[in-house]
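Given next are the chains, with one letter for each unit.
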Amino acid sequence: MNLKTTVKTTAKYLFYILTAVQVILGLIWVINNFTHVYMWPETVEYLDISKNFVIDEYTGLFYPILVKFLYYIPLYILQFLMAVVSAYLLLRKGIKLERINAIFGCAYIVSFPVLLQFHFSIRPESLRLSVVLLAITFLTYKKRSIKRYIIVALLFAVLIVSSKAFQEPGSRGRIQRTFWSQAFMRVCTEYYSQSFVAWDDRTLDTYEIEEALEIIKKTDNMMYEIGPTMDTKWGFEAANESYKFMTKKCFSMRTKDVCLNIGSDLGQSIILPFGFLTELNGNARAQTGRNYEAFVSRRGSLDGFYWYYGVWSLVAILVAGIIVALIDAKNFKFKNPSFELLAAEVIQWLYKTLTTGDAIDYSKYLVVVVGWIVLSIHVLDMGTNSNNE
């Protein structure tokens, strides 16, 4: 057995062993959490919506229906099954891995802690992720065609239109959803109190500087406190003019700081879940701590180890794949890349980062997380299955 074969065999079985350990840890976590509902703020909101079906422009129509009729164990089961099916089909039919690697890859993706966390939460992120993966598989299965892209686009349009038909803007106490309201949150959140004297007359007539200093201590109050107050007091159109003025003013006054802040968030979010490791020094703006506390809320003895194991095992898989590719670079072929998955990652990355000034929340970047996992598995699969001369 030559060096290349030894390295390839070692890398392949390393992946199998890492996956098996993660699945066991994930099973323990599921057993401990299966009959429990962690009350995220989003969970409380969806429970309320399921009773009165009052939804705003930030909320979809269909998940509250599922919460109403499937709460909560049936919904857990549905989300988990969808996660398994979508991950397997993406790997097997989308990027066309060998069956055994598709099975282990599916097991690894589904049991990855920061993903499994939301498969067993009453929040829409899990099903949204599964739908995205199924759509990507549909687009890439066998041979791509323009018809499939049209079908997916039409289904997406129907989903948006049907939800908008039931949405009441501002009905759930959030800032109106416009280009300038999102830009306002993105650009001004860090500097709202620091630049307060430069804001427009409407804002200065709404808050005193002392109030602004207190409110902005919690960054999501831009969405839940400042925005709704402005919208209610001045009306949507006038408030939107204020958001436009403040965004432009802040950017002109603090161009370098704003760009650095946005650039930092873009950099931190695109490297999730590896970004968790850079957060250990406490310098990154992130809500990982809050999400981690939710993950270990049942106080299982292995929960903390499992969470970090997921990150480090993925590092090991990616490094193993790169090593295998490098030692047999002449024969390595990266076949069947999913450009659609890459596009979905980029869209989520840019949209989620550029429409809020909140600290990075990994629950909003699950497609990005899956993208890194799929890339790592795909590189390892291509390397270990390349032919030697």
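The text that follows walks through the structure, step by step, so that each part is easy to find. Throughout this document, residue positions are counted from 1 along each chain, in the order its sequence is written. Side-chain atom pairs in this predicted model are given and counted only at pLDDT of 80 or more, local residue features only at pLDDT of at least 70, and totals for whole chains, interfaces and linings cover all residues. To obtain the side-chain values, all non-hydrogen atoms of the structure were included, while hydrogens and water were left out.

Moving on to the overall build of the chain. Runs of E in the DSSP output that reach at least two residues are strands. Runs of H or I that reach at least four are helices, and both are numbered from the N terminus. Of the regular secondary structure elements, the chain holds 19 helices and zero strands. In terms of overall dimensions, the chain is globule-like: its C-alpha atoms have a radius of gyration of 23 Å, near the 21 Å expected for 389 residues. Each principal axis of the C-alpha atoms in the chain carries an extent, and together these give about 80 × 50 × 50 Å. Classification of the 389 residues of the chain by burial places 49% in the buried group. This radius of gyration counts C-alpha atoms alone. The globule rule is 2.2 Å times how many residues there are, raised to the power 0.38. Three exposure classes are used, based on accessible area relative to the maximum for each residue type with a 1.4 Å probe and protein chains only: buried under 20%, partly exposed in between, and exposed over 50%.

For the rest of this paragraph, the subject is the packing of helix H14 (residues 255-270) against helix H18 (residues 339-354). Here H14 crosses H18 at 140 degrees, and the two axes come no closer than 10 Å. In this view, H14 runs oblique relative to H18, as classed from their interaxial angle. Crossing geometry of H14 relative to H18 is assigned as right-handed. Of the residues in H18, those in contact with Ile262, Asp265, Leu266, Ser269 and Ile270 of H14 are Trp349, Leu350, Thr353 and Leu354. Each residue is assigned to one of three groups, with Ala, Val, Leu, Ile, Met, Phe, Trp, Tyr, Cys and Pro labelled nonpolar, Asp, Glu, Lys and Arg labelled charged, and all others, Gly among them, labelled polar. Looking at the contact of H14 with H18 residue by residue, the classes come out as six nonpolar, two polar and one charged. Where helices are involved, their axes are fitted lines through C-alpha atoms of the stretch in contact, as for all axes, and angles between N-to-C directions lie from 0 to 180°. Each angle is binned into one of four classes, with values under 35 degrees roughly parallel, values over 145 roughly antiparallel, values of 65 to 115 roughly perpendicular, and all other values oblique. Rotating anticlockwise by less than a right angle from the far helix to the near helix defines a left-handed crossing, while the corresponding clockwise rotation defines a right-handed one. Contacts are assigned to residue pairs with any non-hydrogen atoms lying within 4.5 Å of each other.

The next point concerns the nonpolar core. Throughout, nonpolar core names a set of buried Ala, Val, Leu, Ile, Met, Phe, Trp, Tyr and Cys residues whose side chains join them through atoms within 4.5 Å. Counting 93 residues, the largest nonpolar core has Leu115, Phe184, Tyr192, Ile226 and Ile373 as the members making the most contacts within it. Setting aside residues up to four positions removed in sequence, Tyr192 forms contacts with Phe184, Trp199, Thr203, Tyr207, Ala212, Ile216, Met222, Ile226 and Met246.

A few words on helix H13 (residues 236-253). Any helix carries an expected span of 1.5 Å times its number of residues minus one. Look at H13: 26 Å from first C-alpha to last across 18 residues, which is about the 26 Å you get at 1.5 Å a residue. When we look at burial in H13, the residues that qualify are Ala238, Ala239, Asn240, Ser242, Tyr243, Met246, Thr247 and Cys250. On its buried face, H13 is in contact with helix H9 (179-188), helix H10 (201-206), helix H12 (221-234) and H14.

Everything listed here is a matter of geometry and, on its own, says nothing about what the molecule does.
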